[in-house]
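Each chain is listed here by its residues.
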Amino acid sequence: MTARTGRVSCDITISADGYAAGLHQSEERPFGDDGGDGTGARLHAWMFDTPEENRAEIDLLNTAGAFVMGRNMFGPVRGAWDRPWNGWWGENPPFHAPVFVLTHHARAPRPMDGGTTYHFVTDGVTAALARAREAAGDGDITVLGGATTVNQFLAAGLVDELRLHLVPCTLGAGTRLFDGVPPLDLEQVRSRSASLVTHLTYRVLP
């Protein structure tokens, strides 16, 4: 087993009732019934409408040596890779580091501008984390989501820190954080309220 080096953090925005996305997600509405137009603009307004107020939390996202995300977060393509989808973030994604995408369908690595390379992992969260650790060296790894992927990491006991961005709205249904996750012991590390969000950081205790 690879020795633990950098910290593994999960970083995710959720509604007050715990949902990271609503029902009926699609390419046109990637966040589904999210209380807005389906693009996640309401859930993630804290990042895009008030970035300076939340600069510390946004900057923290850019400190990871490698990232992990689920295929649903990477894009709407299902099944075999039958078109050249390269994520929602354009030719120069904001990660600037290796990103390991969980999928059931193999695909060659996809280098992008700015230092991001997408690697597609078909053998589960443990394998994805091992590859992310190798890529990050002594650096930290951030699991970005969506909630289903974060839940898999939590259920497998692979998370050191949970960073939640709690938005003051409810969705009522959708993809929910902690579904299928056994009870966790959490230690609050810090909290901070802003105009559109409350930032909560927990240490996941063994």
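Provided above is the structure to which this section pertains.
Cut-offs used in this document
- Residues numbered from 1 in each chain as written.
- Predicted model: local features only at pLDDT ≥ 70, side-chain atom pairs only at ≥ 80, totals over all residues.
- Heavy atoms only, no water.
- Phe/Tyr/Trp six-rings, centres within 6.5 Å; stacked < 30°, edge-to-face > 60°.
- Lys NZ or Arg CZ within 6 Å of the ring centre and 35° of its normal.
- Buried < 20%, exposed > 50% of the residue type's maximum accessible area, 1.4 Å probe, protein only.
- Helix = DSSP H or I, 4+ residues; strand = E, 2+ residues; numbered from the N terminus.
- Pairing = 2+ DSSP bridges.
- Core = buried A, V, L, I, M, F, W, Y, C linked by side-chain atoms within 4.5 Å.
- Contact = heavy atoms within 4.5 Å.
- Axes fitted to C-alpha atoms, helices over the stretch in contact; angles between N-to-C directions.
- 1 Å grid on protein atoms, 1.4 Å probe; cavity = no way out; pocket = protein on both sides within 12 Å on 5 of 7 lines; lining within 4 Å.
- Points joined across faces, edges and corners; volume = space filled by probe spheres on them.
- Nonpolar A, V, L, I, M, F, W, Y, C, P; charged D, E, K, R; others polar.

> Any chance you could break down the packing of aromatic side chains for me, citing the residues and the numbers?
According to the stated counting rule, one finds 7 aromatic pairs in the structure shown. Relative to Phe95, the ring of Trp89 has its centre 5.1 Å away and its plane inclined at 75°; by these criteria the two rings are edge-to-face. Every member of this aromatic cluster is reached through a ring pair, and the members are Phe74, Trp81, Tyr118 and Phe120. Cation over ring: Arg71 sits above Trp81, and NZ or CZ is 3.7 Å from the ring centre.

> Explain the pairing of strand 7 (residues 141-145) to me, using residue names and the numbers behind them.
Remark: a regular strand shows side chains that alternate across the two faces of the sheet. Of all 5 residues that make up strand 7, 5 are buried, and the element is covered over most of its length. With 4 bridges joining them, strand 3 (residues 66-70) and strand 7 adopt parallel strand pairing. Directly across from Met69, in strand 7, lies its bridge partner Gly145.

> Pulling in residues and values, what's your account of the nonpolar core?
Here is a general trend for soluble globular proteins: nonpolar side chains tend to be buried in one another's company. Within the largest apolar cluster, 31 residues are counted, with the highest numbers of intra-cluster contacts made by Ile12, Val68, Val150, Phe153 and Leu164. Elements represented by at least two residues in this core include exactly strand 1 (8-15), strand 3, strand 4 (98-102), helix 4 (124-136), strand 7, helix 5 (147-155), strand 8 (161-167) and strand 11 (198-204). Residue contributions to this core peak at 6 residues, all from helix 4. When sequence neighbours within four positions are dropped, the list of residues in contact with Ile12 reads Ala20, Gly146, Ala147, Val150, Arg163, Leu164, His165 and Leu177. Counting 26 residues, the second largest nonpolar core, distinct from the first, contains Ile58, Val77, Phe95 and Val197.

> Can you explain the environment of His119? Please cite residues and give values.
Structurally, His119 can be placed in strand 6 (residues 117-121). Among the residues examined, His119 registers a relative accessible area of 16% and is labelled buried. When the C-alpha atoms of His119 and Arg107 are compared, they prove to be 8.0 Å apart, with 12 residues separating the residues in sequence. If near-sequence neighbours (up to four positions away) are discounted, His119 is found in contact with Pro98, Val99, Phe100, Val101, Pro109 and Arg131.

> Give a detailed account of helix 5, specifying residues and quantitative values.
Each α-helix turn comprises 3.6 residues. Residues three or four places apart therefore point the same way. Of the residues making up helix 5, those classed as buried are Ala147, Thr149, Val150, Asn151, Phe153 and Leu154. Phi for Gly157, located one or two positions after helix 5, is positive at around 70°.

> Account for the sheet that holds strand 4, with residues named and values stated.
Taken in spatial order, the 9 strands line up as 5-6-4-3-7-1-8-11-10 in an open sheet, and their pairing is mixed. Every other strand in the sheet has two partners, leaving strand 5 (110-111) and strand 10 (186-193) as the edge strands with one partner each. Both strand 8 and strand 11 contribute to a ladder of 6 bridges, which runs antiparallel. Of the residues in strand 11, the one forming a bridge with Leu164 is Leu200. The sheet strands contacting helix 4 are strand 1, strand 3, strand 4, strand 6 and strand 7, and the helix crosses strand 4 at an angle near 175°. Here helix 5 sits on the sheet in contact with strand 1, strand 3, strand 4, strand 7 and strand 8, set at roughly 135° to strand 7.

> I'd like a rundown of empty space enclosed by the protein, residues and numbers included.
Per the stated rule, a full pass over the model turns up 1 cavity of 30 Å³ or more. Looking at the largest cavity, its volume works out to about 40 Å³. Lining the largest cavity, in full, are Arg7, Ser9, Leu60, Thr63, Ala64, Asp140, Ile141, Thr142 and Arg163. When the residues that make up the lining of the largest cavity are grouped by side-chain class, the tally is 3 nonpolar, 3 polar and 3 charged.

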